[in-house]
Amino acid sequence: MTRRMLTALIALVGLFVALYLTLYKVGLIGTIACGTGSCEAVQLSRWATFLGLPVAAWGAAYYAAIFALAFAGVQDRWADSRGLVLATTLVAGWGVVFSAWLTYLELFVIHAICRWCVVSALITVTLFLLALWDYRTQRRIAGGFDLD
């Protein structure tokens, strides 16, 4: 399995988490499975909506974008595309920044932690690290130093 295939797989897992939270937020799921934690407090806070859409829906779009970029990257036509690798790294980096903001809100504004949100943040960091690894590898190959 290549880095890009792994990235696509992890993005797909993130997409399912985000869709689950979106379905809860829009009322299609009655209760959210959280165990211990304050998932409902976070999901029902005023911070759970951004620009009129549930934050989880934005997350679903983010994961779908990462999935599409990673999936495109395993196609022969795009395998050596520097622009695709850069786009994946930038989108994944944006995801880390947004997740960090949401984590700050959970800890210091809402004073509640959603386990699903923590899982999503960890997935986002993992996707960024994979994208960064792919970016650095491609730069080494482009420079003539294939160290992988």
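These figures come from a predicted structure and were not determined experimentally.

What counts and how
- Residues numbered from 1 in each chain as written.
- Predicted model: local features only at pLDDT ≥ 70, side-chain atom pairs only at ≥ 80, totals over all residues.
- Heavy atoms only, no water.
- Helix = DSSP H or I, 4+ residues; strand = E, 2+ residues; numbered from the N terminus.
- Buried < 20%, exposed > 50% of the residue type's maximum accessible area, 1.4 Å probe, protein only.
- Contact = heavy atoms within 4.5 Å.
- Core = buried A, V, L, I, M, F, W, Y, C linked by side-chain atoms within 4.5 Å.
- Salt bridge = Lys/Arg side-chain N within 4 Å of Asp/Glu carboxyl O.
- Phe/Tyr/Trp six-rings, centres within 6.5 Å; stacked < 30°, edge-to-face > 60°.
- Patch = residues over 30% accessible without salt bridge, like charges linked within 9 Å, V, L, I, M, F, W, Y side chains within 5 Å.
- Areas by Shrake-Rupley, 256 points an atom, 1.4 Å probe, with all protein chains shown as cover.

Participant: So what exactly am I meant to see when it comes to the overall build of the protein here?
Facilitator: Of the regular secondary structure elements, the protein holds five helices and two strands. If one aligns the C-alpha atoms of the protein with their principal axes, the spans along those axes are about 50 × 30 × 30 Å. Within the protein, the fraction of its 148 residues that count as buried is 40%. Partitioning the contacts of the protein with sequence separation of at least 6, the portion at a separation of at least 24 is 70%.

Participant: Hey, could you run me through the nonpolar core in this one?
Facilitator: Across soluble globular proteins, you tend to see nonpolar side chains buried next to one another. The biggest cluster of nonpolar side chains holds 27 residues, and the ones touching the most others in it are Val-42, Tyr-62, Tyr-63, Ile-66, Ile-123 and Leu-127. If you list the elements that add at least two residues to this core, you get helix H1 (3-25), helix H2 (39-43), helix H3 (55-73), helix H4 (82-110) and helix H5 (115-142). Ranked by residue count, the leading element in this core is H1, at seven residues. Not counting residues within four places of it along the chain, the set of residues in contact with Tyr-63 comprises Ala-11, Gly-14, Leu-15, Ala-18, Ser-120, Ile-123, Thr-124 and Leu-127.

Participant: Hey, could you run me through the environment of Ala-92 in this one?
Facilitator: Examined against the element boundaries, Ala-92 turns out to sit in helix H4. Taking the C-alpha atoms as reference, Ala-92 lies 7.0 Å from Ala-131; in sequence the two are 39 residues apart. Setting aside anything within four residues of it in sequence, one finds Ala-92 in contact with Tyr-62, Ile-66, Thr-124, Leu-127, Phe-128 and Ala-131.

Participant: What exactly am I supposed to notice about the pattern of salt bridges here?
Facilitator: Here the idea is simple: oppositely charged side chains can pair when their charged atoms come close. A complete count under the given rule lists two salt bridges for this structure. The closest approach of N and O atoms between Arg-3 and Asp-134, which form a salt bridge, is 3.5 Å. A residue pair is termed long-range when its members are at least 10 positions apart, and Arg-3 in helix H1 and Asp-134 in helix H5 qualify at 131 residues. Overall, Asp-134 belongs to the buried group, its relative accessible area being 11%. The closest approach of N and O atoms between Arg-4 and Asp-134, which form a salt bridge, is 2.7 Å. In this pair, Arg-4 sits in helix H1 while Asp-134 sits in helix H5, placing the two residues 130 residues apart along the sequence.

Participant: So what exactly am I meant to see when it comes to the packing of aromatic side chains here?
Facilitator: Each aromatic ring pair is specified by the distance between its two centres and by the angle formed by the two planes. Per the stated rule, a full pass over the model turns up nine aromatic pairs. Each ring, one from Phe-50 and one from Trp-58, has its centre 5.8 Å from the other, and the planes form 70 degrees; the classification is edge-to-face. Residue classification places Phe-50 among the partly exposed positions, given a relative accessible area of 36%. Connected via pairs of aromatic rings, a cluster forms that spans Phe-50, Trp-58, Tyr-62, Tyr-63, Trp-94 and Phe-98.

Participant: I would appreciate a short explanation of a nonpolar patch on the surface in the present structure.
Facilitator: Nonpolar side chains collect at one region of the surface, where Trp-101, Tyr-104, Leu-107, Phe-108, Val-109, Ile-113, Val-118 and Leu-122 lie side by side and expose about 730 Å² of accessible area between them. At the level of secondary structure, the elements contributing two or more residues to the nonpolar patch comprise H4 and H5. Looking at the nonpolar patch, the element that brings in the most residues is H4, giving five residues. Mapped onto the elements, Trp-101 comes out in helix H4. For Trp-101, a relative accessible area of 42% translates into the label partly exposed.

Participant: I would appreciate a short explanation of unusual backbone geometry in the present structure.
Facilitator: Most peptide bonds take the trans configuration, and most residues that are not glycine carry a negative phi. Not every positive phi belongs to a glycine, and Leu-51 is a case in point at roughly 55 degrees. For Leu-51, the position within the fold is in the loop between strand S1 (49-50) and strand S2 (53-54).

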